[in-house]
Amino acid sequence: MRPVREADRAFLISLYRETRDDLAALPLPPAALTQMLVMQFDAQAQSYERGFPGHHWDIILHRDTPVGQIRVLRGTDEFVAIDLSLLAASRGRGIGSHLLRNLQQEARTAGLPLKLSVEHRNTRARALYDRLGFVAVKDLGAHLAMCWPSTARP
């Protein structure tokens with residue numbers, strides 16, 4: 001991993017587009033769809049900056065090639081995996097599991113819980129979180145809040 005740089009913007013928008021099949025299905029001309037996706041991407045980034053000040057935002061690399069991004073807040077009361085996304089071609093290869101297990105180890109060392117949320121419709125990610133020992137703690141409407149206690153085993 002490495003910190004996000006301004007030069008990563010095109011990759012990050014492309015990744016965001018790939019993860020937003022709900023927006024991609026809208027009956028819009030390509031230019032309007034791109035404009036909407038960029039606006040949504042920027043709004044999400046601003047929301048994360050306001051909601052999780054001081055978080056780390058990194059590009060996930062596989063053999064020096066960007067394959068995803070991850071945002072993590074390592075707070076004094078909890079760790080939060082804010083956002084984790086991988087290119088479709090990189091999913092199912094253990095990259096996400098590896099990153100989350102590393103975060104679980106960091107959280108265990110710090111004696112803090114690791115929290116995240118998942119969209120209800122994202123059954124693939126939910127299955128991963130279940131396998132890694134995350135527990136559903138609250139239904140947030142479109143999302144489910146989950147927690148991995150630092151006393152658990154990854």
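Residues numbered from 1 in each chain as written. Predicted model: local features only at pLDDT ≥ 70, side-chain atom pairs only at ≥ 80, totals over all residues. Heavy atoms only, no water.

**Student:** It is not clear to me how the overall build of the protein should be interpreted in this structure. Could you clarify?
**Tutor:** The secondary structure content of the protein amounts to five helices and seven strands. Put simply, the protein runs from its N terminus to its C terminus through helices and strands in the order β-α-α-α-β-β-β-α-β-α-β-β. By the compact-globule yardstick of 15 Å for 154 residues, the protein fits well, its C-alpha radius of gyration being 16 Å. The principal-axis extent of the C-alpha atoms belonging to the protein is close to 50 × 35 × 30 Å. Relative to its full complement of 154 residues, the protein shows a buried share of 37%. Considering only intrachain contacts with a sequence separation of at least 6, the fraction spanning at least 24 residues in the protein is 53%. (Helix = DSSP H or I, 4+ residues; strand = E, 2+ residues; numbered from the N terminus. Rg over C-alpha atoms; globule rule 2.2 N^0.38 Å. Buried < 20%, exposed > 50% of the residue type's maximum accessible area, 1.4 Å probe, protein only. Contact = heavy atoms within 4.5 Å.)

**Student:** I would appreciate a short explanation of the packing of helix α1 (residues 9–19) against helix α3 (residues 30–51) in the present structure.
**Tutor:** Pairs of packed helices are described in terms of their axes, by the angle between the two and the distance that separates them. Across the interface, α1 lies against α3 with an axial gap of 10 Å and an inter-helix angle of 105°. Overall, the two elements α1 and α3 adopt an arrangement that is roughly perpendicular. Two secondary-structure elements touch here, α1 through R9, L12, I13, Y16 and R17 and α3 through L33, T34, L37, V38, Q40, F41, D42 and Q44. Looking at the contact of α1 with α3 residue by residue, the class counts come to seven nonpolar, three polar and three charged. (Axes fitted to C-alpha atoms, helices over the stretch in contact; angles between N-to-C directions. Parallel < 35°, antiparallel > 145°, perpendicular 65-115°, else oblique. Nonpolar A, V, L, I, M, F, W, Y, C, P; charged D, E, K, R; others polar.)

**Student:** So what exactly am I meant to see when it comes to helix α4 (residues 95–110) here?
**Tutor:** Here α4 is 16 residues long and its end C-alpha atoms lie 23 Å apart, about the 22 Å a rise of 1.5 Å per residue gives. Every buried residue belonging to α4 is among I95, G96, S97, L99, L100, L103, Q104 and A107, and all of these are buried. Packing partners of the buried residues in α4 comprise β2 (56–62), β3 (65–74), β4 (79–86), β5 (114–119), α5 (123–131) and β7 (143–148). Backbone geometry just downstream of α4 places G111 in the positive-phi region, at approximately 70°. (Expected span 1.5 Å × (residues − 1).)

**Student:** Whenever I open this one, the sheet that holds strand β1 (residues 2–3) confuses me. Can you help?
**Tutor:** Each strand in a sheet pairs with its neighbour through backbone hydrogen bonds, running either in the same direction (parallel) or in the opposite one (antiparallel). The sheet built from seven strands is open, its strands ordered β1-β2-β3-β4-β5-β7-β6 with mixed pairing. Unpaired on one side and paired on the other, β1 and β6 (135–139) mark the two borders of the sheet. Pairing of β3 with β4, which is carried by seven bridges, proceeds in the antiparallel orientation. By the bridge assignment for β4, I70 is matched with L84. In the packing of α4 onto the sheet, contacts are made with β2, β3, β4, β5 and β7, and the angle to β4 comes to roughly 170°. (Pairing = 2+ DSSP bridges.)

Limitation: the analysis is restricted to geometry and does not speak to function.
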